[in-house]
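These are the residues of each chain, in order.
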Amino acid sequence: MKYDLITILGPTASGKTDLAAHLAYDLNTEIISADSRQIYRGMDLGTGKDLEDYLVNGKQIPYHLIDICDAGFKYNLFMYQQDFLKAFLDMQERQLLPVLCGGTGLYIESVLKGYRMIPVPENPELRASLEGKSLEELSTILSTYKTLHNTTDVDTPKRAIRAIEIGEYYRMNPVKEREFPEIHPLIIGVSIDRELRRAKISKRLRQRLENGMLDEIRELLAKGVTPEDLMYYGLEYKYLTQHVIGELTFDEMFHQLEIAIHQFAKRQMTWFRGMERRGFNIHWLDATLPMDEKVESIKKLLNHA
């Protein structure tokens, strides 16, 4: 089997983007992002774009599916599959080996398996029946659906209601898998010790706050993005917006956000372990290895295909 895609996945703060960029530099190729929030323009520090990672030894590594829509737009999995396919086929035509990199497990799994997705309309009656339920109650309801959903990113009631809406639609309107190119991916997972991951998350959060993450929120609000739309994106955008509009003190915001990011990273790893149970072969690399060793390990796996 010849690989036609390298996938690099891992939890937040594992260094996967830096690894993908160095690998792309070595292989003279380009990166396709698999991050559900980095698609938004103006949402930079809060989504951890770390665009400086794409500059390797003075060379700018081309990337795709970052900064492709405005904040406030409701991007979805169906759109991601279409945008991924366009970038993937374009690179194939140019005889490049694409590197897919990100932490949104559902996005990654949907393109590697070619899941058939269709646009799901809003269900006002269902939404009304779920209004007022807690995130815990909504998560319990969501767990009853057998279809694929993005449980990793469900950290606000609004996102949970949308996930249930999608699950209910697919339950009532089952679809067969559509024609999608059969992809032969080499999947690399970046493994990072739990305590080291937690330390890096906390350090990175402080750095991003010092670098102006709160100003980023204020600018988005000033441009007309509503607090509700910002909080929809969860994590940084939920807690920082609550602080900016006066619902949380700085200390409350920092403490709650720090816990939420740790929980998010844990959910990411749960998803990736679930992918292994669903038949994906993930080759795990220790995040603390020197960069050149990690790149060489991946190249050896490629050469043995």
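Here the structure is a predicted model, which means the values were calculated and not measured.

Rules and cut-offs
- Residue positions are given per chain, counting from 1 as you read along its sequence in written order.
- Totals for whole chains, interfaces and linings use all residues, but because this is a predicted model, local features are given only for residues with pLDDT of at least 70 and pairs of side-chain atoms are given and counted only at 80 or more.
- Water and hydrogen atoms were dropped before computing side-chain values, which therefore reflect all heavy atoms in the structure.
- Angles here are taken between N-to-C directions and fall from 0 to 180 degrees, while the axes themselves are lines fitted to C-alpha atoms, restricted in helices to the stretch in contact.
- In this text, helices come from DSSP runs of H or I with a minimum length of four residues, and strands from runs of E with a minimum of two, each type numbered from the N-terminal end.
- These descriptions rest on fixed angle ranges, namely under 35 degrees for roughly parallel, over 145 for roughly antiparallel, 65 to 115 for roughly perpendicular, and the rest for oblique.
- Crossing handedness follows the turn of the near helix against the far one: under a right angle anticlockwise gives a left-handed crossing, and clockwise gives a right-handed one.
- Contacts are assigned to residue pairs with any non-hydrogen atoms lying within 4.5 Å of each other.
- Any residue outside Ala, Val, Leu, Ile, Met, Phe, Trp, Tyr, Cys, Pro, Asp, Glu, Lys and Arg is labelled polar, Gly included; the first ten of those are nonpolar and the last four are charged.
- Each nonpolar core is a collection of buried residues, namely Ala, Val, Leu, Ile, Met, Phe, Trp, Tyr and Cys, held together in the definition by side-chain atoms within 4.5 Å.
- Burial classes follow relative accessibility: with a 1.4 Å probe on protein chains only, a residue under 20% of its type's maximum area counts as buried, one over 50% as exposed, and anything between as partly exposed.
- Regarding the arc, it is the one traced by the directions from the helix axis to the C-beta atoms.

**Q** I keep staring at the packing of helix 2 (residues 77-93) against helix 3 (residues 105-113) and nothing clicks. Help me out?
**A** Each packed pair of helices is defined by two parameters, the angle between the axes and the distance between the axes. The N-to-C vectors of helix 2 and helix 3 enclose an angle of 55 degrees; their axes lie 10 Å apart at closest approach. Of the possible angle classes, the one that applies to helix 2 and helix 3 is oblique. The handedness of the crossing between helix 2 and helix 3 comes out as right-handed. Side by side, helix 2 and helix 3 meet where L77, Y80, Q81 and F84 of the first sit next to L106, Y107, S110 and V111 of the second. In terms of residue class, the contact of helix 2 with helix 3 is made up of six nonpolar, two polar and no charged.

**Q** Would you mind showing me how to read the nonpolar core here?
**A** Most often, soluble globular proteins have nonpolar side chains that are buried together. Membership of the largest hydrophobic core comes to 63 residues, with the highest contact counts inside it found for I32, Y80, F84 and L100. Elements supplying a minimum of two residues to this core: strand 1 (5-9), helix 2, helix 3, helix 7 (194-210), helix 8 (213-222), helix 9 (227-232), helix 10 (235-244) and helix 11 (250-277). The dominant element in this core, judged by the number of residues it contributes, is helix 11, at eleven residues. Beyond its immediate chain neighbours, meaning those up to four positions away, I32 contacts H64, L65, Y80, F84, A87, F88, M91, P98, V99, L100 and C101. Formed by 24 residues, the second largest nonpolar core is a distinct cluster that contains L186, I188, V190 and A287.

**Q** I tried to follow helix 8 on my own but got confused; where do I start?
**A** The periodicity of an α-helix, 3.6 residues per turn, causes residues three or four positions apart to be oriented the same way. Those residues of helix 8 lying buried are M213, L214, E216, I217 and L220. The buried side chains of helix 8 occupy one side of the element, clustering within an arc of 155 degrees when seen end-on. Its buried side turned inward, helix 8 meets strand 3 (40-41), helix 7, helix 9, helix 10 and helix 11. Just downstream of helix 8 lies G224, where phi reads positive at about 105 degrees.

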